[in-house]
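# Inside the fold
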Amino acid sequence: DSASVRLQQARTQIKTTHNRMIEKLNSVLRTHKNQIQEPIITLRGDRYCIPVKSECRGQFGGLVHDQSSSGATLFMEPAAVVELGNEIRQLAIKERQEVERILIELTGLLASREPEIQATLEVLAHVDFTAAKARLAQEMDAVEPQLNAAGILDVRQARHPLLTGQ
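Below or above, wherever it landed, is the structure these notes cover. Predicted, not measured: the structure shown is a model, and the values here were computed from it. (Residues numbered from 1 in each chain as written. Predicted model: local features only at pLDDT ≥ 70, side-chain atom pairs only at ≥ 80, totals over all residues. Heavy atoms only, no water.)

To continue, consider the side chain of Ser-68. Mapped onto the elements, Ser-68 comes out in the loop between strand E3 (62-67) and strand E4 (73-78). A polar contact is formed between the side chain of Ser-68 and the backbone nitrogen of Ala-72, at a distance of 3.4 Å. The residues touching Ser-68, leaving out its near neighbours within four places in the chain, are Thr-73 and Phe-75. (Helix = DSSP H or I, 4+ residues; strand = E, 2+ residues; numbered from the N terminus. Polar contact = N/O pair within 3.5 Å; in protein donor to acceptor, adjacent residues only side chain to side chain. Contact = heavy atoms within 4.5 Å.)

What follows is the structure, given as structure tokens:
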């Protein structure tokens, strides 16, 4: 939220509008008890809906977003919250645009540091490879071969690392 003022504002507005919507939905649940199949708020797509008895559709008022498999229940977005749902959707678009703007800005900052990042990556890869070799040597109880003064390698009790137990 603190990445930018615009992002913080958008997210604060989304939370505030969401809270207003939930209050309105709870009010609708209380005032339309007889028309409601179950006193719950559910999501259909990204819209908040209430399960309404299908025969009460006209009295309830709002948009139908889904229907139960039996057809006895319609999941309706009450007319009183449609505008708030639209506002949340618009605020979510603003939020996404601001996140994209921030990511583009950060990508630009990183792009200017590409040589340093590449050099660091190469060093890290070398360190990781060396550590992996050391772990493997420990697991295999390996020793470093020694050359004598003539440059000859005298191998005793040697074993192939892939042919264990032989």
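Under the 1.5 Å per step criterion, the end-to-end length of helix H4 (residues 114-139) is 37 Å for 26 residues, consistent within 8% with the ideal 38 Å. Positive backbone phi, at 55°, marks Asp-141, one or two positions downstream of H4. (Expected span 1.5 Å × (residues − 1).)

Pairing is antiparallel across the open sheet formed by four strands, whose spatial order is E1-E2-E4-E3. Each of the sheet's edge strands pairs with one partner strand only, and the pair in question is strand E1 (42-44) and E3. Adjacent strand axes in the sheet meet at a mean angle of 50° when their direction is disregarded. Alignment of E3 against E4, held across five bridges, turns out to be antiparallel. Looking at E4, one finds that Asp-66 is bridged to Phe-75. Set on the sheet, helix H1 (residues 5-31) makes contact with strand E2 (47-53) and E4; between it and E2 the angle comes to about 5°. Strands in contact with helix H3 (residues 79-111) are E2, E3 and E4; relative to E4, the strand with the most contacts, it is inclined by about 70°. (Pairing = 2+ DSSP bridges. Axes fitted to C-alpha atoms, helices over the stretch in contact; angles between N-to-C directions.)

So, about H3. Helical geometry: 3.6 residues make up each α-helical turn, so side chains three or four residues apart lie on a common side. Spanning 33 residues, H3 covers 49 Å between terminal C-alpha atoms, matching the ideal 48 Å at 1.5 Å per step. Looking at H3, one finds that the buried residues are Val-81, Val-82, Leu-84, Gly-85, Ile-88, Leu-91, Glu-95, Glu-98 and Ile-102. Of the surrounding elements, those touching the buried residues of H3 are H1, E2, E3 and E4. (Buried < 20%, exposed > 50% of the residue type's maximum accessible area, 1.4 Å probe, protein only.)

These figures capture arrangement, not role.
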